[in-house]
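Spelled out from the first residue to the last, the chains are:
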Amino acid sequence: MELRCKFWLPKKNRFCASIPLNNSSFCGNHTTRSDAQWIACPIDPSHTVLKGNLDGHLKRCPLLKRVQSLSLQPFYQKGINAGTDDDDEEEEGEGNKKGISRPMGVKDFVRLNNPSSGPWGSITSEMKRNAVYSLTTIKLSELIGKIQFIHSSICKDIQDSYKIPEACGVWTNKEVDGKLPFQEKHVLQQASILGNLEEFGVLKNSVGHIYRDNDVSAGSSSDVSSVPAVVEFGAGRGYLTQMLADCYGIRNVFLVERKSYKLKADRSLRQNESLILERLRIDIEDLNLNAVEPLQGIPYLAIGKHLCGPATDMTLRCCLAKKCKEDNVAQYSAGPNLRGLGIATCCHHLCQWKHYINKRYLSNLGITKEDFHTITWFTSWAVDADHSSDLSDGIERASDLQITEMEDCSKGGVESIFRDWMAVERAALGFMCKDIIDMGRLVWIKDHGLEARVVKYVPSRISPENHLLIAKGDGNL
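Residues numbered from 1 in each chain as written. Predicted model: local features only at pLDDT ≥ 70, side-chain atom pairs only at ≥ 80, totals over all residues. Heavy atoms only, no water.

Would you mind going over the overall build of the protein with me for this structure?
Secondary structure summary: the protein contains 17 helices and twelve strands in total. In the protein, once contacts between residues fewer than 6 apart in sequence are set aside, the share between residues at least 24 apart is 72%. By element, 49% of the accessible surface of the protein is carried by carbon and sulfur atoms, the whole surface being about 23,100 Å². (Helix = DSSP H or I, 4+ residues; strand = E, 2+ residues; numbered from the N terminus. Contact = heavy atoms within 4.5 Å. Areas by Shrake-Rupley, 256 points an atom, 1.4 Å probe, with all protein chains shown as cover.)

Now the structure itself:
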């Protein structure tokens, strides 16, 4: 009888099918190991190594080699867009001056696999939850009162702006190549992002013409060439850019993405011989956009659909932060020219104080670092509710929510208080917190000389992650 590992797999209702090790009843995956001897690999915690072999493993781990190859790119500058824990944004941008000493590439790959894992100082969701549950009811009541007051003061101008432009008709009417993946909710989100950029004056209407190969029949070549280059941050498979290239005649495309994906839009985009496409496989945190040679001197549009948590802050810093330092104006005057941006924010619960773009603004509102982490934890409630109907009534109730009864709730603490709230009230508080975070970003963009606004670009029934930051400049920022 063939020997099999004796480890029982309850979900599969059978023993492990692997061959056991010599002198053992278990395979290598299920052999009991001493916690004192085996530790998680600091490059990729999904596997473990003997503590005594760690130094040697760090030199030959295949995943480290991948990270090191990425770091050799000319536009790689570790931590350039990361930010610091200081409130003063003008002191940011030096990357890893205050970084932790570690083997090259370790932080990069840990962040690549799990941005909220917290191995180098990030505050995880579990840590945020524990901090919230440790609050006294009085402190929680004061914080929620502060959130309500700040929201009523600064978040009045976030308007619904669901725009489906005529130029995207070939996509919204399902007239595109059947080989391209089509999911209606994503198509509507992408189309509304472009529609808002068109209404804001960043894009020109191409009368619903789909651009393929060298076809410029929808307009003169000068009209097409006047459309800026596009840098899509957190591009994923690149289908936002695919729609933009099809409907607006973009000719220069740069896709920034730290991971490798299958079924990318690249194959379809490369069939257009008049389009120049380049993928930059790098984390936004480490991207020096001024060092991307093909982008030098070219006006460009920065876009991103669902830039999770701190990726939005890093993108803004990547596009704008360096340009606002007076001592560096001349140094960067020949670099890329930001003509406009359209960034759909999401996953606010992943935001970190270190990375957030406008800490000074929040501090002036009385929001501390600890308050910020609590607020980001509250934002997860915004996506938990039933979004099939309008939440405006619940938001009004949450705005007027009286929390004086918290002081009498001492047995179960704040956890029992949250459990007694209606889901719509929790969601409404979550939306308030998302609004505050994005308003801070909006103020930062305006402070940097751009005309900007934040809108709800799709109804919450399509996606509760529906905030869009849009801005435009004169092309000479």
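The rest of the description comes next.
What is the right way to read the packing of aromatic side chains from this model?
Under the counting rule described, the total for this entry stands at 13 aromatic pairs. Ring geometry for tryptophan 377 against tryptophan 381: centres 5.5 Å apart, planes inclined by 65°, an arrangement best described as edge-to-face. When sorted by exposure, tryptophan 377 lands in the same class as tryptophan 381, which is buried. A ring pair is formed by tryptophan 381 and phenylalanine 418, whose centres lie 4.9 Å apart and whose planes are at 75°; its orientation type is edge-to-face. Highlighted residues: tryptophan 381 in the loop between helix H14 (369-378) and helix H15 (392-399) and phenylalanine 418 in helix H16 (residues 413-420), separated in sequence by 37 residues. Like phenylalanine 418, tryptophan 381 is buried. Following the ring pairs from residue to residue traces out a cluster consisting of Tyr133, Trp377, Phe378, Trp381, Phe418 and Trp421. (Phe/Tyr/Trp six-rings, centres within 6.5 Å; stacked < 30°, edge-to-face > 60°. Buried < 20%, exposed > 50% of the residue type's maximum accessible area, 1.4 Å probe, protein only.)

Sorry if this is basic, but what is going on with the pattern of salt bridges here?
As a working rule, side chains carrying opposite charge can pair if their charged atoms are close by. All chains considered together, the criterion is met by nine salt bridges. With its nearest N and O atoms 3.2 Å apart, the salt bridge here joins arginine 258 to aspartate 283. With arginine 258 in the loop between strand E7 (252-257) and helix H10 (266-270) and aspartate 283 in the loop between strand E8 (276-281) and strand E9 (299-308), this pair connects stretches of sequence that are 25 residues apart. Using a relative accessible area of 22% as the deciding quantity, one classes arginine 258 as partly exposed. Of the residues examined, aspartate 283 reaches a relative accessible area of 10% and is grouped as buried. (Salt bridge = Lys/Arg side-chain N within 4 Å of Asp/Glu carboxyl O.)

Got a minute to help me understand helix H5 (residues 137-154) in this structure?
At 3.6 residues per turn, the α-helix brings residues three or four places apart onto the same side. In this model, H5 (18 residues) spans 26 Å end to end at C-alpha, consistent with the 26 Å of a helix rising 1.5 Å per residue. Along H5, the positions that sit buried rather than exposed are Thr137, Leu140, Leu143, Ile144, Ile147, Gln148, Ile150, His151 and Ile154. (Expected span 1.5 Å × (residues − 1).)

Could you clarify how one ought to interpret the sheet that holds strand E11 (residues 451-456) in this entry?
Hydrogen bonds along the backbone pair up the strands of a sheet, which may run parallel or antiparallel. An order of E5-E11-E12-E10-E9-E6-E7-E8 is seen for the eight strands of this open sheet, with the pairing classed as mixed. The open sheet has two edge strands with one neighbour each: strand E5 (159-160) and E8. Direction of pairing for E5 relative to E11: parallel, over a ladder of two bridges. Within E11, the residue paired with glutamine 159 across the bridge is valine 455. Contacting E9, strand E10 (337-346), E11 and strand E12 (467-472), helix H7 (residues 184-199) crosses the sheet at an angle of about 140° to E9. On the sheet, helix H11 (residues 310-320) packs against strand E6 (229-233), E9, E10 and E12 and is oriented at approximately 165° with respect to E9. (Pairing = 2+ DSSP bridges. Axes fitted to C-alpha atoms, helices over the stretch in contact; angles between N-to-C directions.)

Looking at this structure, I do not really get helix H9 (residues 239-248). What am I missing?
Counted residue by residue, H9 has ten buried out of ten residues, so it is predominantly covered. Within the span of H9, buried status applies to Tyr239, Leu240, Thr241, Gln242, Met243, Leu244, Ala245, Asp246, Cys247 and Tyr248. Summarising the contacts, the buried residues of H9 are in contact with helix H6 (169-172), H7, E6, E7, H10 and E9.

How do you make sense of the pairing of E9 when you look at a structure like this?
In the case of a regular strand, side chains alternate between the two sheet surfaces. In terms of burial, E9 is largely enclosed, as seven of its ten residues are buried. Sheet topology note: the E6/E9 ladder contains four bridges and is parallel. When the bridges of E9 are listed, glutamate 232 appears paired with isoleucine 303. As paired elements, E9 and E10 share eight bridges and run parallel to each other. Counted as the bridge partner of leucine 301 is glycine 340 from E10.

How do you make sense of the nonpolar core when you look at a structure like this?
One broad trend across soluble globular proteins is that nonpolar side chains are buried collectively. Core analysis: the largest hydrophobic core is formed by 65 residues, its most contacted members being Ile147, Phe233, Leu287, Leu289, Tyr300, Phe378 and Phe418. Ranked by the residues each element gives to this core, the list is headed by helix H17 (residues 423-447), at nine residues. Each residue touching isoleucine 147, except ones within four places of it in the same chain, is listed here: Ile375, Phe378, Leu429, Met432, Cys433 and Ile436. Counting 40 residues, the second-largest nonpolar core is a separate cluster that includes Leu240, Leu277, Tyr457 and Ile470. (Core = buried A, V, L, I, M, F, W, Y, C linked by side-chain atoms within 4.5 Å.)

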